[in-house]
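Understanding the architecture of this molecule
Single-letter residue listing:
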Amino acid sequence: MEKRQRSPAASSADEILSSATTLAATKPGKSSLRSLIFSLPPSSDVVASLPETLHLAVSASLDAFRNSLGPCGSPVRAFRSPPLKRSRPSSAAQKPDEEAEGSAAPISDETLDQLKNLKAYTFVAFLCFSHPKKLFSPSDLLPSVRSLHDCLVLYEMDSALLSQVAGLCEEWWKLKLPGRENLVSQSLPFLLSRSLTDCKKADVRRVYSLRGAFLLFDYVDESIEDLKMLLMRCVTSPVYQKMDEGRKFVSFVLGLNQQLTKEALELLKSQIPFGKKSMLEAFADILFRAWKGSEGSLREEIEDGFLQGLIEGAIYAGSKFLAASARRVLGEFVQQRMTDGVDKLLLRLVEPVLFRSLQVANSNVRQNALHLLLDMFPLEDRDMTKEVKESLQQKQFLLLEKLLLDDCPEVRLVAVEGSCRILHLFWEVIPTSTITKFLAKIVDTMSHNISNEVRISTINGIIYLLDNPQSHEIMKVLLPKLGFLFFDPVLSVRVSVVDLLLAVRDVHTFQFNKVVALDDLLSSLANDHPRVAQKITNLLIPCYFPSKLTIKEACSRFVALIKRSPDAGARFCEFAFSEGSSSRSLMELAKFCISLALSRKGLDREKTDGLLISSSNICQGLANESSVKPVLTELLSAERLKHMLTAASSERAQTAILSMASLVSSENVVFLKDYCLAILRNSNFLSDNVEKQEVVKAAQKLIISGGGFDEMFEHLANVLRELASTLCIRFGLGSTEEILQTSKRKKVKLPMKTSRRVNQVAGKVSQNCGIGSDDKDFIIAGSASWQVKYLLTTESTRTSALNSPFSGTIFSALSVISELCIQQCLQLNHLEIEPIVAYTTFAIFMSLQNTSENADGIKDNDLHQASSSLEVTFDGALNHIINCVDRLYLDSVSGKPRQEVERAQSQKSKCIEVPEGTSNPTEGYQSFHVKRIQILVKLYTAVMKFVVDAVRTRLPNQTLQRCLKFASDHIHHIVSALRGHKYQKLSNKDEVTMNNIQEEVLKDISIHLKSSFSYAAKLLHEFLKNTNEGSGASPEAFHLANDLLDLIASTGSSLGSRHDSNIVSIAKPWLPTIILGLGCNHLMMPDKECTLNLADLLSANFPIWLSDLGDTEFHIESQTPKSKSSAFESLIELMLVLLKKGSHRILDATCGVILGAVEVMLKNANFSLVLGLIRFVCFKMFENKSVPSERLQVTNSYLRKVYQLIAKELEEHQEGEDERHHLVSALKFIESIL
């Protein structure tokens, strides 16, 4: 075989072709065949005979190949298009090409032999025309190559042969050999199809190199449709869009034929709404290349047929995304405006629509047009005269100036940023007067804009403008005018101002403290949000801790900061590490601060504390740096920590030192345990003092890190147990044996000094102003309860607290103290809510732990026995709290007469601060009454939070009904108290001026009222969520919905319009829930079973909101003067909107409620309210009659009933003239509906 492969060159053409069928199948064989043909001498007879012999062999092989395919061997069809998606190979082995068609018949051996021969002949043809000595004439080889090309469609079953023949034709075209135009009709579609299927960059480059061949096709002929489809797919193909050659080819395609151009442009347009940034930028490049390379009708089609529509789409697009996508496609023309003819084209296309669109009524259109103007600015034609250019430029500036004051904030925002961008880019060519006018308007007007985003854009625009050095001189004058924005109430505005200061700092000719005073910067650094403080730290580091100076000089600079503002210096150290200061230099600063603080040389207490807090912030910032941990341990030695605690005078400084101590090993801080326990014992009024809370948290953390959790928890158990015993005896609640027995069962060792310790703390508390002897024990209990609550709500200590042997003691003590807090709240000057919060929190977490243990199959006998012995259950705690508050409510309803309340007030007069200027008993009573409301609202809010948490955890339906009733009663009680306050206020003849203390009380009442409202609304929502049609009537949900509306109606007259607006803002999101609660009795019962009489429910406790609503509508109808509108009326308007948009059944049920109230008012002979409520239903709820009256069965039934009652009232009784007029007017309203 080897000898045959190395046969001499004298072989005949037939022998060469015969051996080629064998040699071409292997790589070594191909090499031998190449050597054989390339070694033929020019004088050889083979050179003359091989082309003709090859043609005959190819023809014979093709005939045999067609015959082997059967009757369908010569299909008349174009080349098949590739699939839209490439099929992914499965895990199984790949099938051979002949099985790719699935159910196709297997290929015969004869067909395979002919395919093998054709591959050999193709290789021989390739060797002949690529002969290095050009021995073979291309004209002689052309018949063979053409025969192979014309049958290309038959080779689909053999991809290798397809590639060989297509490659042969490709090389023929590239070499510009004769007859190349006859070798593209089949090869080009194949190469184009493969580039789309395989998505290989090499294939795209091959197609691009053959682009000239596409000019040979007749794109009008119907047979070209398949090729046109492939070309259209190239337009949107990602591989073509990513490559420069691909984009060039697509732009070339757009110039092939006008109809093809139209179809391609339509395809491009359809893809713009969904295109990503890269795709749109590719479209822009393709479009510009196509425009640049086109002329005549094709260019006109691109300009007037596509670009004009694209510009209009960018202006009139309904969405901002679509408008931005259209502008992105236009972006290439904008970037290439220096190309000849582009600026003239843009002006011609844009001018007719842009300037008009900038002044239309639609704000979205104005905004889109403004974006387009800013992208294309300046719109001009270089061939224009100077006067025309200036006039056109001035027109653009006038429109921009007008849009700075646009009614729409979004338009103003874009106008501000766009104006600054234009000034930055075109400063040299813009007239000085125009620059001055724009900057004055931006700085003087836009910086005061009501929109937060516009103010931010003003600052960002100025920052961008500062990048142009030519703006610096004028900005020196204008920037100080922006300093007031540093005090803006919006955080993002303040952050932007500090960014502006950072930009100013980087300009050597500027001084940032000319924009914002240094004292203001330090004040903000000390007190503002961390985002602002961190940026200010970055701003001040070069001044107060520069890295270019020595450590000693830098520390001296920082001491100057501490002396100027200790709080600012401490906050500076908090962010110094994150803003670039080195850990080594900061560690040296911490040492310096501690040494200086302990020396106290020329430092007062405030500055000493500032140094200590600064050191703590530095140490905590560097705690995770391994390189400084040894230095940190050495710095925070036990002896030094003792001295630091001695030097600390404020709670913040104590917190800082304890936080530092927690960074080192627990062995070094064992001596701090007693100090921390003393902090826990002596901390009172924790609920309202954040700084004390932080000290207690740090102390607890330090004790726990030293393994002292049990001792600390035992201390809390002893304090609470003894306080519970003392309070039980004092208020006669009963025997304390249960608590004592519980302690014995738990084997709690009670220290002998406990009572003395509690008495000492109580003695310190009783010295505080305004605290009576009855309050002191509750204040101590509140402090201990807060500590227990914090341990429970902290995930790292919760499990230890729940599993502690003292948990039963604490829970029982909290139960007793909570009951006494509720019972005695109205007799106390200071209500401590923390025992109730701690008790309810304990109940929730104990219940969740028990549930989790039961689910996991874990048994803890001690915990379960304690829970059983104490009857600690979730439902038990809930019932206990509700019962206590219900008793308080009943006592308050049966309440003392006013004389007893005044007597109780006089007994506490030494502890209550009477407002200055209060001279008569009524004013003193008024102050006492406001304080009483505050206590009730605060108590109810805490309990309602627990109730809502209970409902969300697990509650049977019966308990849920009771919770609804409790919530309704507590809201009703609050409303009664508020109305009583209003009555006392109205009964006073002289105007009472509330002092600052009373204003704070009213503010506190408002805050807790918002919380109470939200909790009650959540409870109503939970109930309605778990009900459906057929659940039955729920008077509790109905009453709660009415009580919530009563609460809104009562706050305005009782607390003032400001607090009224706050309540309404909270109520708006819950309005759909309240509406469903009003109509739930009709909605949850089938119509035939709905026998509930709403009039009976309403008459027992007529809702205040319905009285106010009827009164308002009556005044409108009778055109009589009325007090100014309240926030409640705006809420009613919103309710109307929701009812009209919602289900007609909900509207029907709500109308039924109001008409049920009309029935009650008729019985009470309150005819003015009858007229007002009927007017509201008939005139406002059915204003446009959007819902046919026959669909409102409940409303129709009530209207007919009320109509009959009014008619009967007019017949049987002789009312006064005004009353009859009211009833007659009401009848007319009803008749207009019926």
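Residues numbered from 1 in each chain as written. Predicted model: local features only at pLDDT ≥ 70, side-chain atom pairs only at ≥ 80, totals over all residues. Heavy atoms only, no water.

In the annotation of an unreviewed UniProt entry, the protein chain is listed under the name Condensin-2 complex subunit G2 and assigned to Zingiber officinale.

**Considerations on the overall build of the protein chain**
If you tally the helices and strands in the protein chain, you get 59 helices and zero strands. Carbon and sulfur atoms make up 50% of the accessible area of the protein chain, which amounts to about 56900 Å² in all. (Helix = DSSP H or I, 4+ residues; strand = E, 2+ residues; numbered from the N terminus. Areas by Shrake-Rupley, 256 points an atom, 1.4 Å probe, with all protein chains shown as cover.)

**Focus on the packing of aromatic side chains**
Under the counting rule described, the total for this entry stands at 21 aromatic pairs. Seen from their ring centres, F486 and F487 are 5.6 Å apart, and the 80 degrees between their planes marks the pair as edge-to-face. Its end group placed over the ring of W173, R180 keeps NZ or CZ at 3.8 Å from the ring centre. Its guanidinium or amino end placed over the ring of W291, R299 lies 4.2 Å from that ring's centre, counting from NZ or CZ. (Phe/Tyr/Trp six-rings, centres within 6.5 Å; stacked < 30°, edge-to-face > 60°. Lys NZ or Arg CZ within 6 Å of the ring centre and 35° of its normal.)

**Focus on the pattern of salt bridges**
Opposite charge on two side chains allows them to pair when their charged atoms are near. For the structure on display, the rule yields 48 salt bridges. Across the pair E281 and R328 runs a salt bridge whose closest N-O atoms are separated by 3.9 Å. Placement of E281 in helix 14 (residues 277–293) and of R328 in helix 16 (residues 320–335) is noted, with a sequence separation of 47 residues between them. The exposure class of E281 is partly exposed, given its relative accessible area of 38%. (Salt bridge = Lys/Arg side-chain N within 4 Å of Asp/Glu carboxyl O. Buried < 20%, exposed > 50% of the residue type's maximum accessible area, 1.4 Å probe, protein only.)

**A short note on the environment of A942**
Residue placement: A942 occurs in helix 46 (residues 921–953). Its relative accessible area of 14% is what places A942 among the buried residues. Residues A942 and I836 lie 106 residues apart in sequence; the distance between their C-alpha atoms is 7.4 Å. For A942, the contacting residues outside a window of four places in its chain are I833 and V837. (Contact = heavy atoms within 4.5 Å.)

**Notes on the packing of helix 5 (residues 109–129) against helix 7 (residues 159–174)**
For the pair helix 5 and helix 7, the least separation of the axes is 10 Å and the interaxial angle reads 20 degrees. With respect to helix 7, the element helix 5 is oriented roughly parallel. Helix 7 is crossed by helix 5, and the crossing has left-handed handedness. Contacts from L115, L118, K119, T122, F123, A125, F126 and F129 of helix 5 reach helix 7 at A160, L161, Q164, V165, L168, E171 and W172. For the contact of helix 5 with helix 7, a count of residues per class yields 11 nonpolar, two polar and two charged. (Axes fitted to C-alpha atoms, helices over the stretch in contact; angles between N-to-C directions. Parallel < 35°, antiparallel > 145°, perpendicular 65-115°, else oblique. Left-handed = near helix turned anticlockwise from the far one by under 90°. Nonpolar A, V, L, I, M, F, W, Y, C, P; charged D, E, K, R; others polar.)

**Observations concerning the nonpolar core**
Judged by nonpolar contacts, the single largest core of 401 residues is most densely connected at Y155, F214 and I1206. Here this core gets 15 residues from one element, more than from any other, and that element is helix 46. Aside from chain neighbours lying at most four places away, what touches Y155 is L62, F65, L118, S147, L148, L161, L162 and V165. (Core = buried A, V, L, I, M, F, W, Y, C linked by side-chain atoms within 4.5 Å.)

**Quick word on unusual backbone geometry**
The omega torsion of the bond from F377 to P378 falls at -5 degrees, within 30 degrees of zero and hence cis. Relative to the assigned elements, P378 resides in the loop between helix 18 (363–376) and helix 19 (386–403). A positive phi angle, near 55 degrees, is found at K176, a position not held by glycine. Along the chain, the position of K176 falls in the loop between helix 7 and helix 8 (187–198). You will see that C199, though not glycine, has its phi angle at about 55 degrees, which is positive. When you line up the elements, C199 lands in the loop between helix 8 and helix 9 (201–209). The exposure class of C199 is partly exposed, given its relative accessible area of 41%.

**A closer look at the side chain of K938**
Along the polypeptide, K938 turns up in helix 46. Residue classification places K938 among the buried residues on the basis of a relative accessible area of 17%. For K938, the residues in contact, after removing those within four places along its chain, are D688, L831, I833 and H1008.

**Things to note about the packing of helix 15 (residues 297–316) against helix 18**
It is at 7 Å that the axes of helix 15 and helix 18 come closest, and there the two elements cross at 130 degrees. In terms of orientation, helix 15 and helix 18 fall into the oblique class. Each of I311, A314, I315 and Y316 in helix 15 lies in contact with helix 18, whose residues at this interface are V365, N368, A369 and L372. When the residues that make up the contact of helix 15 with helix 18 are grouped by side-chain class, the tally is seven nonpolar, one polar and no charged.

**A closer look at helix 54 (residues 1104–1118)**
Think of an α-helix as 3.6 residues a turn; residues three or four steps apart then line up on the same face. For helix 54, which comprises 15 residues, the first-to-last C-alpha distance of 21 Å matches the rise-based estimate of 21 Å (1.5 Å per residue) to within 8%. All of the buried residues in helix 54 are W1105, L1106, L1109, G1110, T1112, E1113, F1114 and H1115. Q1119 occupies a position one or two residues after helix 54 and carries a positive phi of about 55 degrees. (Expected span 1.5 Å × (residues − 1).)

**Some remarks on helix 22 (residues 452–465)**
Its 14 residues place the ends of helix 22 20 Å apart at the C-alpha level, agreeing with the 20 Å of an ideal helix rising 1.5 Å per residue. Every buried residue of helix 22 is listed here: V454, R455, I456, S457, T458, I459, G461, I462, I463 and L465. If you follow the buried residues of helix 22, they end up packed against helix 20 (409–425), helix 21 (432–444), helix 23 (472–478) and helix 24 (491–505).

**Some remarks on the confidence of the model for the protein chain**
Per-residue confidence for the protein chain gives a mean pLDDT of 81, with 83% of residues at or over 70. Note on residues 739–770: pLDDT under 50 across the span, and 54 contacts to partners over four residues away in sequence or across chains. With pLDDT under 50 throughout, residues 983–995 is counted as low confidence; its partners more than four residues away or in other chains account for 11 contacts. (pLDDT = per-residue confidence, 0-100.)

**Description of the environment of K1140**
Structurally, K1140 is set in helix 55 (residues 1127–1141). Sequence separation of K1140 and F1182 is 42 residues, and the distance between their C-alpha atoms is 8.5 Å. A polar side-chain atom of K1140 sits 3.0 Å from the main-chain carbonyl oxygen of K1180. (Polar contact = N/O pair within 3.5 Å; in protein donor to acceptor, adjacent residues only side chain to side chain.)

**Notes on the side chain of E332**
Along the chain, the position of E332 falls in helix 16. No salt bridge is formed by the buried E332; the nearest opposite charge belongs to R289, separated by 7.0 Å. Residues within four places of E332 in sequence aside, it is in contact with A284, D285 and F288. (Lys, Arg positive; Asp, Glu negative; His and termini not counted.)

**A look at the environment of Q393**
Relative to the elements of secondary structure, Q393 occurs in helix 19. The spatial distance from the C-alpha of Q393 to the C-alpha of F377 is 9.0 Å, given a sequence separation of 16 residues. Excluding anything up to four places from it in sequence, Q393 contacts V429 and P431.

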